[in-house]
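Residue-level structure breakdown
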Amino acid sequence: MSFTLPSLPYSTNALAERGMCQETLELHHGKHHFAYVTALNGLVEKNPSLQGKSLEEVIRLSRGNPELTPVFNNAGQHWNHSAFWQSLTPQGGRVPGSLEKRLTGDFGSVDKFKESFKAAALGQFGSGWAWLVAGTDGKLKISKSANAESPQASGAGKVLLVLDVWEHAYYVDYRNRRAEFVDNFLARLANYDDAAEKLGRA
Ligand code: MN3
């Protein structure tokens, strides 16, 4: 079994009017994400103990194993990017009532949630990710992670929403202005409907 690049759930120009241009999506999905999938397949091909395993199993088996660091990095990036595409939508920014209620309960308000998420996204030094997860205790939590790490990999909870804060995610649209990229994501791109649906299944 080899891993495949998932299709985007929208066209590459669908988010252009909402602050993520076609060039960004073509590079990010078609080049960066594709390269992680290709590298992962090459590594698994050379490692019989990983063959036939699901992506989640490959992540679990390689995490923390120094000999399998390249496997973990590429498998983690494949998982993280697959989740990230689902966290974007041309109808982004609208928080459905069920999620609003939970965000208000756990963060005080939707605005406070956004402030905390932004702080995590800006506080991640270098390459990484900002996450909204349903923790193992049932509470909603925000976290950040470096490189290919994630709450999925660490077992911290179920991922509801994720933002890629690697420079390649925003450099074409925002140059070095990560804060603008994060604000735009929270206000106009974030797929809160998908997060609510995932929370319902958590
Ligand atoms: Mn990326």
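Residues numbered from 1 in each chain as written. Predicted model: local features only at pLDDT ≥ 70, side-chain atom pairs only at ≥ 80, totals over all residues. Heavy atoms only, no water.

Some words on the overall build of the protein
Note the threshold: Labels follow the DSSP assignment, with helices taken as runs of H or I lasting at least four residues and strands as runs of E lasting at least two, numbered in each case from the N terminus. For a compact globule the rule gives 2.2 Å times the number of residues to the power 0.38, and the radius of gyration it is set against comes from C-alpha atoms. Working definition: with a 1.4 Å probe on protein chains only, accessible area under 20% of the residue-type maximum means buried, over 50% means exposed, and in between means partly exposed. Contacts are residue-level and defined by heavy atoms, with any inter-residue pair within 4.5 Å sufficient. What sets the accessible areas is the Shrake-Rupley method with a 1.4 Å probe; for residues, cover comes only from the shown protein chains. Under the convention used here, Asp and Glu are negative, Lys and Arg are positive, and both His and the chain ends fall outside the count. Every charge is mapped to an atom, namely NZ of Lys, CZ of Arg, CG of Asp or CD of Glu.
Counting its secondary structure elements, the protein contains nine helices and three strands. Listing the helices and strands of the protein from first to last along the sequence gives α-α-α-α-α-β-β-α-β-α-α-α. For 202 residues, the compact-globule estimate of 2.2 N^0.38 gives 17 Å, and the C-alpha radius of gyration of the protein, at 17 Å, lies within 12% of that figure. Considered along the principal axes of its C-alpha atoms, the protein spans approximately 50 × 40 × 30 Å. Within the protein, the proportion of its 202 residues that are buried is 47%. Of the contacts made within the protein by residues no fewer than 6 positions apart, 68% connect residues no fewer than 24 positions apart. Just so you have it, the protein exposes about 9,600 Å², and 50% of that area is on carbon and sulfur atoms. Side chains of the protein carry 22 positive and 21 negative charges; the gap between the two charge centres is 4 Å.

A few points about the coordination of the manganese ion
Rules: Counted as coordinating are nitrogen, oxygen and sulfur atoms within 2.8 Å of the metal, or 3.2 Å for Na, K and Ca, while water is not included, which may make sites look incomplete.
For the manganese ion, the full set of protein donor atoms is His28 (NE2), His81 (NE2), Asp164 (OD) and His168 (NE2), at a range of 1.9 to 2.1 Å. Every donor residue of the manganese ion comes from the same chain, spaced as H-x52-H-x82-D-x3-H. Highlighted residues: His28 in helix H1 (residues 22-45) and Asp164 in strand E3 (residues 157-164), separated in sequence by 136 residues. For the pair His28 and Asp164, one class covers both residues: buried.

Comments concerning the packing of aromatic side chains
Using the following cut-off: Between 30 and 60 degrees the pair is tilted, below 30 it is stacked and above 60 it is edge-to-face, where a pair is any two Phe, Tyr or Trp rings, Trp via its six-membered ring, whose centres lie within 6.5 Å.
Under the defined criterion, the tally for this structure stands at nine aromatic pairs. Look at Phe84 and Trp129: their rings are 6.3 Å apart centre to centre, the planes differ by 75 degrees, and that puts the pair in the edge-to-face class. In this pair, Phe84 is assigned in helix H3 (residues 69-86) and Trp129 in strand E1 (residues 128-135), connecting sequence segments 45 residues apart. Owing to a relative accessible area of 0%, Trp129 belongs among the buried residues under this scheme.

Quick look at the domain arrangement of the protein
Interface size, as often reported, equals the accessible area lost upon joining of the parts. Note the cut-off: Domains are outlined according to an automatic or database domain assignment. Buried area: the accessible area, evaluated with a 1.4 Å probe, that two parts lose upon being put together, summed over both parts. Criterion for a salt bridge: a side-chain nitrogen of Lys or Arg within 4 Å of a carboxyl oxygen of Asp or Glu. Definition of a polar contact: a pair of N or O atoms within 3.5 Å, with one able to donate and the other able to accept a hydrogen when the atoms are protein atoms, and with sequence-neighbouring residues admitted only if both atoms are side-chain atoms.
Split into domains, the protein comes out as domain 1 (20-86) and domain 2 (97-201). Taken over C-alpha atoms, the centre of domain 1 sits 20 Å from the centre of domain 2. Carbon and sulfur atoms supply 60% of the area that domain 1 and domain 2 bury against each other, a total of about 1,900 Å² over both sides. Applying the counting rule to domain 1 against domain 2 returns one salt bridge. As a salt-bridge pair, Arg63 and Glu149 come within 3.1 Å of each other at their nearest N and O atoms. Our count for the contact surface shared by domain 1 and domain 2 stands at twelve residue pairs in polar contact (both at pLDDT 80 or more).

Re the pairing of strand E2 (residues 140-146)
The criterion, for reference: Two strands pair under a simple rule: DSSP has to find at least two bridges between them.
Taken together, the seven bridges between E1 and E2 define a ladder with antiparallel strand orientation. Looking at the pairing, Leu132 lines up with Ile142 of E2.

Concerning the sheet that holds E3
The test is simple: Only the stretch in contact is used when a helix axis is fitted, and all axes are lines through C-alpha atoms; the angle between N-to-C directions ranges over 0 to 180 degrees.
The three strands lie next to each other as E2-E1-E3, forming an open sheet whose pairing is antiparallel. Looking at strand neighbours, the two that pair on one side only are E2 and E3, the edges of this open sheet. The mean inter-strand angle of the sheet, taken between neighbouring strand axes irrespective of direction, is 30 degrees.

A word on the side chain of His81
Structurally, His81 can be placed in helix H3. A distance of 2.8 Å separates a polar atom in the side chain of His81 from the backbone oxygen of Gln77. Dropping the residues within four chain positions of it, His81 is found in contact with His28, His33, Tyr36, Trp129, Asp164 and His168.

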